[in-house]
Amino acid sequence: VLFEDGETVVADFVLGVDPDALETAAADEAVLAAADDLGAERAGRRLLLRADRTDLSKNILRGLLAFELLLERHPEHRDRVWHVALLNPSRQDVPEYVEYLQACQQAADRIRERFGEHSLDFAVENDYPRVLAAFRIYDVLLTNPVIDGTNLVAKEGAVLNRNDGAVVLSRTAGATQVMGDDALVVNPYDVEEQAEALQRALTMDYEERSGRAKGLREAAVRGRPSDWFAAQRARLSSIVHVR
């Protein structure tokens, strides 16, 4: 970028996750205990997971509406799918964030009233061990941000999952650049499309699920932190060298 007498080099570097660090974290006793609890609560049902901060950009409300629409249109899932929303409270000193979380809570309450308390676990607390444990066993991971520079949740989930889980991913998440071929990509504003993607993810045959899961894991570690940092240093060195 040229501006007046200055020149700025703009470059794009993919940021992935460190699988070794994630595996170490997931082996912690607190995570193993959380996994036991989740297994008991799950009771043989399919697990639809989301794990996010309660930022407006994360699009939690439309995700809940998509789940509600899924159960409305596909009653066969009502006692067979458990939606777990693990939410880390964010910026609760900002009125707009408080109002948004309240709207999400109201939607969650309505879903439980319509389809049973067992249909949805809507938890607003900082419980990282439970998040890691849920990553291991989800059948579907929903990450539908309105906008996101990367979205490491999609990548962390894909690396830790041991259930050949599907990922429903917003087309406006940066992770889609590397994971889009194997994720089910959706318009974050389109609740119907998200509900349809959830249905497809839940009914996908084993061969397709496992193939996509393998691709998601491989994509998620592209640009692991050490490589990401090294690439930036190399780019900076090349610029200095040219000058």
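Note that residues are indexed from 1 along each chain, following the sequence as it is written. Residues qualify for local features only when their pLDDT is at least 70, as the model is predicted, and side-chain atom pairs are given and counted only at 80 or more; totals for whole chains, interfaces and linings, by contrast, use all residues. The basis for every side-chain value is the complete set of non-hydrogen atoms in the structure, without hydrogens or water.

A closer look at the environment of leucine 38
Right, so step 1: Mapped onto the elements of the fold, leucine 38 is located in helix α2 (residues 29–42).
Right, so step 2: As a C-alpha pair, leucine 38 and arginine 130 span 92 residues in sequence and 8.0 Å in three-dimensional space.
Right, so step 3: Contacts between residues were defined by any pair of non-hydrogen atoms, one from each residue, lying within 4.5 Å. Setting aside anything within four residues of it in sequence, one finds leucine 38 in contact with Trp82, Arg130, Ala133, Ala134 and Ile137. Each helix is a run of DSSP H or I of at least 4 residues and each strand a run of E of at least 2, with the numbering of both proceeding from the N terminus.

A closer look at the pairing of strand β5 (residues 120–124)
Right, so step 1: The cut-offs for exposure are 20% and 50% of the maximum accessible area for each residue type, with area from a 1.4 Å probe on protein chains only; residues under the lower value are buried, those over the upper are exposed, and the others partly exposed. Summarising burial for β5: 4 of the 5 residues are buried, a large majority.
Right, so step 2: The rule for pairing is simple: two strands pair if DSSP sees at least two bridges between them. By the bridge criterion, 5 bridges tie strand β4 (residues 81–88) to β5 in an arrangement that is parallel. Counterpart to histidine 83 in the pairing with β5 is leucine 120.
Right, so step 3: The definition of a right-handed crossover adopted here requires that, viewed with the strands pointing away, the path from the first strand over the helix to the second runs clockwise. The parallel pair β4 and β5, bridged by helix α4 (residues 95–115), forms a crossover whose chirality is right-handed.

Quick notes on the pattern of salt bridges
Right, so step 1: Definition used for salt bridges: Asp or Glu carboxyl oxygen within 4 Å of a side-chain nitrogen of Lys or Arg. Within this structure, the stated rule accounts for 20 salt bridges.
Right, so step 2: A salt bridge links arginine 53 to aspartate 55; its shortest N-O distance comes to 2.9 Å.
Right, so step 3: A salt bridge links arginine 91 to aspartate 55; the shortest N-O distance between them is 3.8 Å. Highlighted residues: arginine 91 in the loop between β4 and α4 and aspartate 55 in the loop between β3 (46–53) and α3 (60–73), separated in sequence by 36 residues.
Right, so step 4: Taken together, the shared-partner salt bridges connect Arg42, Arg46, Asp139 and Arg209 into one network.

Focus: the packing of α2 against helix α5 (residues 128–137)
Packed helices, taken two at a time, are described by the angle their axes make and the gap between the axes.
Right, so step 1: Throughout, an axis means a line fitted to C-alpha atoms (over the contacting stretch in the case of helices), and angles, computed between N-to-C directions, take values from 0 to 180 degrees. Following both chains from N to C, one finds α2 and α5 inclined at 60°, their axes separated by 8 Å at the closest point. As far as their axial angle goes, α5 and α2 are oblique. Both α2 and α5 take part in a crossing whose hand is right-handed. Every residue of α5 that contacts α2 at Ala30, Val31, Ala34, Ala35, Leu38, Glu41 and Arg42 is listed here: Pro129, Arg130, Leu132, Ala133, Ala134 and Ile137.
Right, so step 2: Class assignment of the residues belonging to the contact of α2 with α5 gives a composition of 10 nonpolar, no polar and 3 charged. Under this scheme an angle from 65 to 115 degrees is roughly perpendicular, one under 35 degrees roughly parallel, and one over 145 degrees roughly antiparallel; angles in between are oblique. Take the far helix as the reference: if the near one is turned anticlockwise from it by less than a right angle, the crossing is left-handed, and if turned clockwise, right-handed. When residue character is reported, Ala, Val, Leu, Ile, Met, Phe, Trp, Tyr, Cys and Pro are called nonpolar, Asp, Glu, Lys and Arg charged, and the others, Gly included, polar.

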